[in-house]
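Given next are the chains, with one letter for each unit.
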Amino acid sequence: GRMKPVIVVHGGAGRIFKEREEGSRAGVVRAALRGYGILKQGGSALDAVEEAVRSMEDDPHFNAGCGSVLNEKGEVEMDAIIMDGKNLDSGAVSAVKNIANPIKLARLVMEKTKHMLLTDHGAHLFAQTMGIPETPGEKLITERSQERWKKNLEPDSNPQEFQKDLGTVGAVAVDREGNVACATSTGGLSNKMIGRVGDTACIGSGGYADNRSGAASTTGHGESIMKVVLARLILYHMEQGMSPEMAADAALDYMKTRVGGLGGVIVVNNSGEWAARFSTKQMSWATVKDDQLHYGIYAGERDTKPVDEALISESEGF
């Protein structure tokens with residue numbers, strides 16, 4: 001391989017409340033470092049994005065896996081997708097309950113079935129067949145999700161207010177062989193209707209990867225993202241010759257003007273250029289390229305440190 005590997009991750013666009021900033025920052029940095037570790041050893045983009053997303057699913061700071069928001073009935077229902085840019089293979093799950101890592105199940109759908117998307121009960125049966133251990137629903141529920149759910153049930157509540165603090169997670173990567181991949185995972189919208197599926201599980205909306213152009217993973221208002229097929233739209237702009245940053249901004253701008261939707265995206269093109277852009281107030285993101293770690297939460301914020309240094313502080317706890 002002759003490509004320099006790159007990974008970019010996001011921990012969700014929206015409003016990141018002050019008390020959760022540090023945890024969000026630490027979580028995306030940890031995920032990026034883990035994914036990069038795989039790429040550095042010559043591992044695939046697919047393995048790298050899966051590992052990065054799994055790391056964030058296990059982190060209660062994010063709305064994915066453990067820490068997912070609750071639906072109107074007070075349950076966790078999760079969506080996830082993974083895509084291989086080499087052959088456009090993809091696997092996704094929607095409305096899954098009682099498993100710790102939906103992204104792992106999405107990968108198995110891609111590799112062990114002829115299908116691309118399994119939902120709810122069918123996804124549950126498939127998980128059992130694959131020997132994935134069941135995690136009791138309450139293990140995935142954090143105090144924060146529970147509190148928010150209760151608040152949103154109050155007659156004068158406005159769930160839309162809380163929606164701004166979304167925290168879908170995602171990753172994109174290009175490996176040494178020049179293959180790209182994306183992965184996205186979420187608990188969805190707080191107090192959503194039972195059975196609601198958002199953009200995350202939908203190919204082209206929650207994510208898309210194609211070696212001919214690059215890979216994108218999205219976050220934000222799912223229904224808006226689906227209306228414009230945001231991830232595929234970004235790749236289309238790159239196919240027209242735009243840089244990842246220009247493509248991301250153009251697509252986010254279109255979503256805002258056309259349907260009034262806000263969100264965020266991470267993008268990598270097939271020559272290793274990357275971008276992390278958002279139209280919301282904040283989005284936690286991190287990337288590693290050329291052994292340099294970059295990360296941020298606010299518009300225009302970009303901290304940089306050498307990977308070696310970051311790994312040391314990582315092992316000592318952030």
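Residues numbered from 1 in each chain as written. Predicted model: local features only at pLDDT ≥ 70, side-chain atom pairs only at ≥ 80, totals over all residues. Heavy atoms only, no water.

J.: Describe the nonpolar core, and please don't skip the residues or the numbers.
T.: Among the nonpolar cores identified, the biggest contains 49 residues, and Ile-7, Val-9, Ile-82, Leu-105, Ala-286 and Val-288 are the most heavily contacted of them. Look past the residues within four positions of Ala-286 in its chain and what remains in contact with it is Ile-7, Val-8, Val-9, Val-28, Val-29, Ala-32, Leu-293, His-294 and Tyr-295. In this structure, Val-228, Leu-233, Leu-252 and Val-265 belong to the second largest nonpolar core, which totals 35 residues. (Core = buried A, V, L, I, M, F, W, Y, C linked by side-chain atoms within 4.5 Å. Buried < 20%, exposed > 50% of the residue type's maximum accessible area, 1.4 Å probe, protein only. Contact = heavy atoms within 4.5 Å.)

J.: If you had to explain the side chain of Asn-101 to someone new, which residues and values would you point to?
T.: Inspection of the secondary structure puts Asn-101 in the loop between strand S3 (89-96) and helix H3 (102-112). On the basis of relative accessibility, which here comes to 12%, the residue Asn-101 falls in the buried class. Within the structure, Asn-101 has its side chain in polar contact with the side chain of Asp-58 (distance 3.0 Å). With residues near it in sequence (within four places) discarded, Asn-101 still touches Arg-54, Glu-57 and Asp-58. (Helix = DSSP H or I, 4+ residues; strand = E, 2+ residues; numbered from the N terminus. Polar contact = N/O pair within 3.5 Å; in protein donor to acceptor, adjacent residues only side chain to side chain.)

J.: Got a sec to walk through the packing of aromatic side chains? Specific residues and values, please.
T.: Counted by the stated rule, this structure contains 1 aromatic pair. Considering the side-chain rings of Trp-274 and Trp-285, the 5.5 Å spacing of their centres and the 40° angle between planes classify their relative orientation as tilted. Placement of Trp-274 in strand S10 (residues 274-278) and of Trp-285 in strand S11 (residues 282-289) is noted, with a sequence separation of 11 residues between them. In terms of burial, Trp-274 and Trp-285 fall into one category: buried. (Phe/Tyr/Trp six-rings, centres within 6.5 Å; stacked < 30°, edge-to-face > 60°.)

J.: Let's hear about the sheet that holds S10: which residues, and what values?
T.: In space, the 4 strands of this open sheet follow the order S7-S8-S9-S10, with antiparallel pairing throughout. Only two strands of the sheet have a single neighbouring strand rather than two, namely strand S7 (207-210) and S10. Strand-to-strand twist in this sheet, taken as the mean axis angle between neighbours without regard to direction, amounts to 10°. Bridge count between strand S9 (residues 263-269) and S10: 5 bridges; the pairing is antiparallel. Note on S10: the bridge partner recorded for Val-268 is Trp-274. Set on the sheet, helix H9 (residues 230-239) makes contact with S7, strand S8 (214-220) and S9; between it and S8 the angle comes to about 140°. (Pairing = 2+ DSSP bridges. Axes fitted to C-alpha atoms, helices over the stretch in contact; angles between N-to-C directions.)

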